[in-house]
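Inside the fold
Letter by letter, the chains look like this.
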Amino acid sequence: QVQLVESGGGWVKPGGSLRLSCAASGFTFRDYYMSWIRQVPGKGLEWISYISSGSSDTKYADSVEGRFTISRDDATNSLYLQMNSLRAEDTAMYFCAGTYSSTSAFDIWGQGTTVTVSS
Amino acid sequence: DIQMTQSPSTLSASVGDTVTITCRPSQRMTTWLAWYQLKPGKVPKLLMYDASSLESGVPSRFSGSGSGAEFTLTIRSLQPDDFATYYCQQYSSYPLTFGQGTRVDIK
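To start, this report covers the structure provided alongside it. Quick caveat: nothing in here was measured; it's all calculated off a predicted structure. (Residues numbered from 1 in each chain as written. Chains lettered and ligands numbered in written order. Predicted model: local features only at pLDDT ≥ 70, side-chain atom pairs only at ≥ 80, totals over all residues. Heavy atoms only, no water.)

**Looking at the overall build of chain B**
As a reminder of what qualifies: Secondary structure elements are defined from DSSP: runs of H or I of at least 4 residues count as helices, runs of E of at least 2 residues count as strands, and each element is numbered from the N terminus. A simple rule labels every residue: compare its accessible area, found with a 1.4 Å probe on the protein chains alone, to the largest value its type can have, and call it buried under 20%, exposed over 50%, or partly exposed in between.
Within chain B, the regular secondary structure consists of zero helices and 11 strands. In sequence order, chain B lays out its α and β elements as β-β-β-β-β-β-β-β-β-β-β. For chain B, the spread of C-alpha atoms along the three principal axes comes to 35 × 25 × 25 Å. Burial statistics for chain B: of 107 residues in total, 48% are counted as buried.

**With respect to the overall build of chain A**
Filter applied, for reference: Just to be clear, the radius of gyration here is over C-alpha atoms, and the globule rule we use is 2.2 Å times residues to the power 0.38. Should any heavy atoms of two residues lie within 4.5 Å, those residues are counted as being in contact. The charge count includes Lys and Arg as positive and Asp and Glu as negative, but it does not include His or the ends of the chains. Positions of charges follow a simple convention, taking NZ of Lys, CZ of Arg, CG of Asp or CD of Glu.
When helices and strands are counted, chain A shows zero helices and 11 strands. Secondary structure elements in chain A, listed N-terminal to C-terminal, are β-β-β-β-β-β-β-β-β-β-β. Its C-alpha atoms give chain A a radius of gyration of 13 Å, near enough to 14 Å, the size a compact globule of 119 residues would have. The buried share of chain A, reckoned over its 119 residues, is 47%. Long-range pairs, those at least 24 residues apart, make up 54% of the contacts in chain A with a sequence separation of at least 6. Chain A carries 9 positive and 11 negative side-chain charges, and their two centres are separated by 6 Å.

**Points about the sheet that holds strand 7 (residues 68-73) of chain A**
All names here are of chain A. Keep this limit in mind: Two strands qualify as a pair provided that DSSP identifies no fewer than 2 bridges between them. Axes, fitted as lines to C-alpha atoms, cover a helix only where it is in contact. Angles between the N-to-C directions of the axes lie from 0 to 180 degrees.
On the basis of which strands lie adjacent, the open sheet formed by four strands has the order 1-3-8-7 and antiparallel pairing. Of all strands in the sheet, those bounded by a partner on one side alone are strand 1 (3-7) and strand 7. Sheet twist, expressed as the average angle between the axes of neighbouring strands with direction ignored, equals 15°. Bridge count between strand 1 and strand 3 (residues 18-25): five bridges; the pairing is antiparallel. Each bridged residue has a counterpart across the sheet, and for V5 the counterpart in strand 3 is A23.

**Some remarks on the pairing of strand 9 (residues 92-99) of chain A**
Taken residue by residue, a regular strand's side chains alternate between the two faces of the sheet. Residues and elements named next belong to chain A. Counted residue by residue, strand 9 has seven buried out of eight residues, so it is predominantly covered. Relative to strand 9, strand 4 (residues 33-39) runs antiparallel, the two sharing seven bridges. Residue W36 lies in a different strand from strand 9, and its bridge partner there is C96. Pairing of strand 9 with strand 11 (residues 113-117) involves three bridges; the strand directions are antiparallel. Looking across to strand 11, one finds that A92 is bridged to V115. Here strand 9 pairs with strand 10 (residues 108-109) via two bridges, running antiparallel.

**Re the interface of chain A and chain B**
What counts here: Buried area: the sum, over both parts, of the accessible surface (1.4 Å probe) that disappears when the two are put together. Residues adjacent in sequence count toward polar contacts only when both atoms are side-chain atoms; beyond that, a polar contact is any pair of N or O atoms within 3.5 Å, and within protein one must be able to donate a hydrogen and the other to accept it. In this classification, the charged set is Asp, Glu, Lys and Arg, the nonpolar set is Ala, Val, Leu, Ile, Met, Phe, Trp, Tyr, Cys and Pro, and all remaining amino acids, among them Gly, are polar.
Each partner contributes to the interface: chain A provides 19 residues, whereas chain B provides 17 residues. Of the roughly 1,600 Å² buried between chain A and chain B on both sides combined, carbon and sulfur atoms contribute 72%. When the buried surface of chain A facing chain B is broken down by residue, A:L45, A:W47 and A:W109 rank first, second and third, together holding 35% of it. At the junction of chain A with chain B, the criterion picks out two residue pairs in polar contact (both at pLDDT 80 or more). Per-element accounting of the side of chain A that touches chain B gives the leading share, four residues, to strand 5 (residues 45-51) of chain A. In terms of residue class, the side of chain A that touches chain B is built from eight nonpolar, seven polar and four charged.

**Looking at the nonpolar core**
Rules: Residue types Ala, Val, Leu, Ile, Met, Phe, Trp, Tyr and Cys, when buried and joined through side-chain atoms within 4.5 Å, form a set referred to as a nonpolar core.
Core analysis: the largest hydrophobic core is formed by 27 residues, its most contacted members being A:L4, A:W36, A:F68, A:L79, A:L81, A:M83 and A:Y94. Going through the elements one at a time, strand 3, strand 4, strand 5, strand 7, strand 8 (78-83), strand 9 and strand 11 of chain A are the ones with two or more residues in this core. Broken down by element, the residue count for this core peaks at four residues, all from strand 3 of chain A. In this view, A:L81 contacts A:L18, A:R19, A:L20, A:W36, A:I48, A:S49, A:F68, A:T69, A:I70 and A:Y94; residues no more than four positions away in its chain are not counted. Judged by nonpolar contacts, the second largest core, of 24 residues, contains B:M4, B:V19, B:A51 and B:V58.

**Things to note about the sheet that holds strand 8 (residues 70-75) of chain B**
All names here are of chain B. Spatially, four strands are ordered 1-3-8-7 in an open sheet, and the strand pairing comes out antiparallel. The open sheet has two free edges, formed respectively by strand 1 (4-7) and strand 7 (62-67), since each of these has just one partner strand. The mean angle between the axes of side-by-side strands here comes to 15°, regardless of whether they run parallel or antiparallel. Judged from the five bridges that link them, strand 3 (residues 19-25) and strand 8 form a sheet pairing that is antiparallel. Residue pairing in the sheet places V19 in a bridge with I75 of strand 8.

Structure, rendered in structure tokens:
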């Protein structure tokens, strides 16, 4: 079945790094435009990064620009988020999500992975 | 950036009620708006896209409407499975933005 499974979350100290992964199955991953979205505990959803089909275009929210890097490997149906210089305010549940075009709704979501940034 | 103002933040209702959630963008926009349902521990679910199109498999008691300056999600004959948190999201321009969410709980 159509599925996205995130991994790589955990606890890290401020200033540290983490790499999140998202494994896709059940659909043609290379055709999908992918994003990372996060939800701070008790708060709403925040889109943080996007990568186009074919990796030709990436976008970032101002809150993570210069610290986070999105990438994908279509050979292994995987999406990644390299997170550097982590801050306490990056503590959140991180979801990967996909759309079938650059201007469409997120019709595929993962279940999320939790990142905690604390000393 | 397009800010999405969603209301109410919390809504108490009973099974069988009809509820309406509103989303207002900070600037007029296209109908590139989606509604999602979130439940703790579950995968977020797309309900509506392009403001008024029902995602495949979503019950017809969900409907969406609106354009430009105001969008609404209506749930008719609320069912026990519908008690959840709902978010609107615009995909008209980057950065993509979500409303603050509406928690629908049991009265």
